[in-house]
Amino acid sequence: VAITTRLLVSHLSGIRHYEKDIAKVKEEKEKANRAFKLTKPHQDKERKEKEGKGTDSVKPKEECEGGVKSQNSKLGRRDKEFEQEEYYLKEKFESVIESLKIFKNDPLFFKPGDQFLYSTYGFTLLSAVVERVSGQKFTDYMLKMFRDLDMLSTVLDDNEAMIYNRARCYVYNKKGRLVNAPYVDNSYKWAGGGFLSSVGDLLKFGNALLYSYQAGQFKSTNGRLLPGYLKPDTVAMMWTPVPKTEVSWDRDGKYAMAWAVVEKNQQCGCCRQQRHYASHTGGAVGASSVLLILPEELDSEAVDTGLVAPPRGVVVTIICNMQSVSLNSTALKIAREFDKEKWAQ
């Protein structure tokens, strides 16, 4: 078979995640699908009732209430996922190519391109590609990029290094008590969860992507507008849903290229509006995070006359030093509130 970088970045490669038993993976997927089918009719009914009373574009109440249930079910799934032994590896790998030995001899779960399976190891292989193509260590390559983006507080999660203001991470033990997270070495998965950052740095990262995404829409700037870090078409491609993908933390979304994406949609007038946004959550031993980008729907007249400049929209990021916390719905609520306030002014 052939595995392309596009398949890797969209989790369609067939490379396993932490679970080595494909039968267990299929069983968990079937359970999740059954649970979704059972709750969907009830959710749709409540949505229609609420929309019949007339609502604005803020997330409907049923979605908020359903979010509590879904978050609880997700919490159970995440806790189960964190039972996987490979989350707690303590071996130090000198390069990402060396860390491929963890999974390189394991069989693929399916033919590449046929199914979606979220895989941290797929991103480990992707980082090895970057290492070979760039001719330098993946970590050096990434740290240079973070410096270009002015993300000076984003560093490797290296246990030995003295890192200013590094937060202490926590987990709940089997008795439900709060305890310190166990020691792990993340050198086997730098690309999939091996960096420490701050809220400020992630906001810079989100704004850089939003600027790059929107820069191409501003034609009449007479050279006054600097180019984005990435080409507009590149970000648009990254934020275009890929067929056969799915997103566990956002039922409206599909997976794109390293991002979960919800597309703009409104089926009937005066009914629920689905805005276009991109997001991704993060889960590690003792920590949870989310970065959500809600681009502003730009007015063509304002763009053409140069009355506004990118980035335009809302960027929300939350970092929590607690394991298994669902943050995407909270980030979306915050983004919508800021967006609503802006249009109300």
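Keep in mind it's a predicted model, so treat the numbers as computed, not measured.

Draft legend 1. Expanded view of the sheet that holds strand 6 (residues 260-262). Taken in spatial order, the five strands make up an open sheet running 5-6-7-8-9, and their pairing is antiparallel. What marks the edges here is a single partner per strand, and that holds for strand 5 (254-255) and strand 9 (313-320). Relative to strand 8 (residues 287-295), strand 7 (residues 277-284) is paired through seven bridges, and the arrangement is antiparallel. Opposite Ala 284, over in strand 8, you have Ala 287 as the bridge partner. Relative to the sheet, helix 8 (residues 199-215) contacts strand 8 and strand 9, its axis offset from that of strand 9 by approximately 150 degrees.

Draft legend 2. Representation of helix 8 within the structure. With 17 residues, helix 8 should reach 24 Å at 1.5 Å per residue; the first-to-last C-alpha distance of 24 Å fits that figure. Taken together, the buried positions of helix 8 are occupied by Asp 201, Leu 202, Gly 206, Ala 208, Leu 209, Leu 210, Tyr 211, Ser 212, Gln 214 and Ala 215. If you follow the buried residues of helix 8, they end up packed against helix 9 (232-238), strand 8 and strand 9.

Draft legend 3. Region of the structure containing helix 6 (residues 138-148). The complete set of buried residues in helix 6 reads Phe 138, Thr 139, Met 142, Met 145 and Phe 146. Looking down the long axis of helix 6, one finds its buried residues gathered within 125 degrees of arc, a one-sided arrangement. Opposite the buried face of helix 6, at more than 90 degrees from it, the exposed residues are Lys 144 and Arg 147. Where the residues of helix 6 are buried, they touch helix 4 (96-99), helix 5 (120-134), strand 1 (155-156), helix 7 (190-193) and strand 4 (195-196).

Draft legend 4. Structural context of the pairing of strand 8. Counted residue by residue, strand 8 has seven buried out of nine residues, so it is predominantly covered. In this structure, the hairpin formed by strand 7 and strand 8 is closed by a connection of two residues, where Gly 286 is found at a positive phi of approximately 90 degrees.

Draft legend 5. Spotlight on a nonpolar patch on the surface. A cluster of nonpolar side chains, contributed by Val 1, Ile 3 and Leu 108, occupies part of the molecular surface with about 270 Å² of accessible area. With respect to the helices, strands and loops of the structure, Val 1 is situated in the segment before helix 1 (5-9).

Parameters at a glance
- Residues numbered from 1 in each chain as written.
- Predicted model: local features only at pLDDT ≥ 70, side-chain atom pairs only at ≥ 80, totals over all residues.
- Heavy atoms only, no water.
- Pairing = 2+ DSSP bridges.
- Helix = DSSP H or I, 4+ residues; strand = E, 2+ residues; numbered from the N terminus.
- Contact = heavy atoms within 4.5 Å.
- Axes fitted to C-alpha atoms, helices over the stretch in contact; angles between N-to-C directions.
- Expected span 1.5 Å × (residues − 1).
- Buried < 20%, exposed > 50% of the residue type's maximum accessible area, 1.4 Å probe, protein only.
- Arc of directions from axis to C-beta.
- Patch = residues over 30% accessible without salt bridge, like charges linked within 9 Å, V, L, I, M, F, W, Y side chains within 5 Å.
- Areas by Shrake-Rupley, 256 points an atom, 1.4 Å probe, with all protein chains shown as cover.
- Salt bridge = Lys/Arg side-chain N within 4 Å of Asp/Glu carboxyl O.

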